[in-house]
Amino acid sequence: SAVISQKPSRDICQRGTSLTIQCQVDSQVTMMFWYRQQPGQSLTLIATANQGSEATYESGFVIDKFPISRPNLTFSTLTVSNMSPEDSSIYLCSVERGGGETQYFGPGTRLLVL
Amino acid sequence: AQSVSQHNHHVILSEAASLELGCNYSYGGTVNLFWYVQYPGQHLQLLLKYFSGDPLVKGIKGFEAEFIKSKFSFNLRKPSVQWSDTAEYFCAVGSGRRALTFGSGTRLQVQP
């Protein structure tokens, strides 16, 4: 498995502001992933973050809105920019470990935008 | 694009009842299959996974799942549920692109 921590665990933000979410892993991993879980819905992949290269975004997600950093093999950040109430979600990071695309998830960051 | 369907959105069972949660996926190639569980107030945890070999896989807490390739299904089962199994269950599929596609989830409520 993997030990993954996220900061902050939750936040309440005002419309138009930005929030940066941090994800820390207990050991080096090649790939990290950022997902969004909107209220009552399943997980949707936002982007895949590899160290040393730009993140790869899924359809419907753009770098200007969700910039991602991956400065080393144990850390990544996701910024939710110019927030609106529709961005209220749980944001999760995950890492692949154990082969076969097995992913382990962080505890999530619960974001409420007013 | 691949998709994952979980047809049971909300299941209510009494303790000791048997459980089967359906999961179907649409993808014609080789897949890796997962069930994740999210207990109330906790983060997503891996319940079990299938890569290859025996299509019947066993996971933690007495759960098992069967991969039926011809039906594109990976149903989750447990012969006797407990109140502590109350949680949301997600089926997920990996198809080699390193990211997972999740189903919509099934909320299981076990009544004592």
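Residues numbered from 1 in each chain as written. Chains lettered and ligands numbered in written order. Predicted model: local features only at pLDDT ≥ 70, side-chain atom pairs only at ≥ 80, totals over all residues. Heavy atoms only, no water.

**Student:** Could you give an account of the interface of chain A and chain B, with specific residues and numbers?
**Tutor:** Facing 20 residues of chain A, the contacting portion of chain B comprises 20 residues. Buried surface at the junction of chain A and chain B, summed over both partners, amounts to about 1600 Å²; 51% is from carbon and sulfur atoms. When residues of chain A are sorted by the area they lose upon contact with chain B, Ser 42, Glu 101 and Phe 105 of chain A head the list and together hold 33% of the total. Across the chain A-chain B interface, the total number found is zero salt bridges. When residues of the side of chain A that touches chain B are traced back to their parent elements, those giving at least two are strand 4 (31-37), strand 5 (43-50) and strand 10 (103-105) of chain A. Among the elements that make up the side of chain A that touches chain B, the one with the highest residue count is strand 4 of chain A (four residues). Taken together, the residues that form the side of chain A that touches chain B break down as eight nonpolar, nine polar and three charged. (Contact = heavy atoms within 4.5 Å. Buried area = accessible area lost by both parts, 1.4 Å probe. Salt bridge = Lys/Arg side-chain N within 4 Å of Asp/Glu carboxyl O. Helix = DSSP H or I, 4+ residues; strand = E, 2+ residues; numbered from the N terminus. Nonpolar A, V, L, I, M, F, W, Y, C, P; charged D, E, K, R; others polar.)

**Student:** Give a description of the state of the cysteines that names residues and reports values.
**Tutor:** Summed over the entire model, instances satisfying the criterion amount to two disulfides over all chains. Bridging Cys 23 of chain A to Cys 93 of chain A, the disulfide has an S-S length of 1.9 Å. Measuring the twist about the S-S bond at about 70°, one finds the Cys 23 of chain A-Cys 93 of chain A disulfide to be right-handed. Highlighted residues: Cys 23 of chain A in strand 3 (residues 19-25) and Cys 93 of chain A in strand 9 (residues 89-96), separated in sequence by 70 residues. Accessibility expressed as a relative area gives 0% for Cys 93 of chain A, which makes it buried. Two residues, Cys 23 of chain B and Cys 91 of chain B, share a disulfide whose sulfurs are 1.9 Å apart. (Disulfide = S-S within 2.5 Å. Buried < 20%, exposed > 50% of the residue type's maximum accessible area, 1.4 Å probe, protein only.)

**Student:** Could you give me a rundown of unusual backbone geometry, with the residues and numbers involved?
**Tutor:** Between Lys 7 of chain A and the following residue, Pro 8 of chain A, the backbone shows a cis peptide bond with an omega angle of -10°. With respect to the helices and strands, Pro 8 of chain A occurs in the loop between strand 1 (4-7) and strand 2 (10-13). One non-glycine residue, Asn 82 of chain A, lies in the positive phi region at around 45°. The residue Asn 82 of chain A is located in the loop between strand 8 (75-80) and strand 9 in this model. Residue Ala 16 of chain B is not a glycine yet carries a positive backbone phi of 80°. Tracing the backbone shows Ala 16 of chain B in the loop between strand 2 (10-14) and strand 3 (19-21).

**Student:** Which residues make up the pattern of salt bridges, and what are the values?
**Tutor:** Per the stated rule, a full pass over the model turns up six salt bridges over all chains. Between Asp 26 of chain A and Arg 97 of chain A there is a salt bridge; the shortest N-O distance is 3.3 Å. Here the residue Asp 26 of chain A occupies a position in the loop between strand 3 and strand 4, and Arg 97 of chain A occupies one in the loop between strand 9 and strand 10, the gap between them amounting to 71 residues. The class of Arg 97 of chain A is buried, set by a relative accessible area of 19%. A salt bridge links Lys 78 of chain B to Asp 85 of chain B; the nearest nitrogen and oxygen atoms lie 2.9 Å apart.

**Student:** Can you lay out the pairing of strand 9 of chain A for me, pointing to particular residues and giving the numbers?
**Tutor:** For a regular strand, the rule is simple: side chains alternate between the two faces of the sheet. Residues and elements named next belong to chain A. Buried residues dominate strand 9, accounting for eight of its eight residues. Side-chain alternation along strand 9 places Ser 89, Tyr 91, Cys 93 and Val 95 on one buried face and Ile 90, Leu 92, Ser 94 and Glu 96 on a second face that is also buried. Sheet analysis places strand 4 next to strand 9, joined by six bridges and oriented antiparallel. Across the sheet, the residue bridging to Trp 34 is Cys 93, located in strand 9. In terms of strand pairing, strand 9 meets strand 11 (residues 109-113) through three bridges, oriented antiparallel. Residue Tyr 91 lies in a different strand from strand 11, and its bridge partner there is Thr 109. Bridging between strand 9 and strand 10 involves three bridges; their strand directions are antiparallel. (Pairing = 2+ DSSP bridges.)

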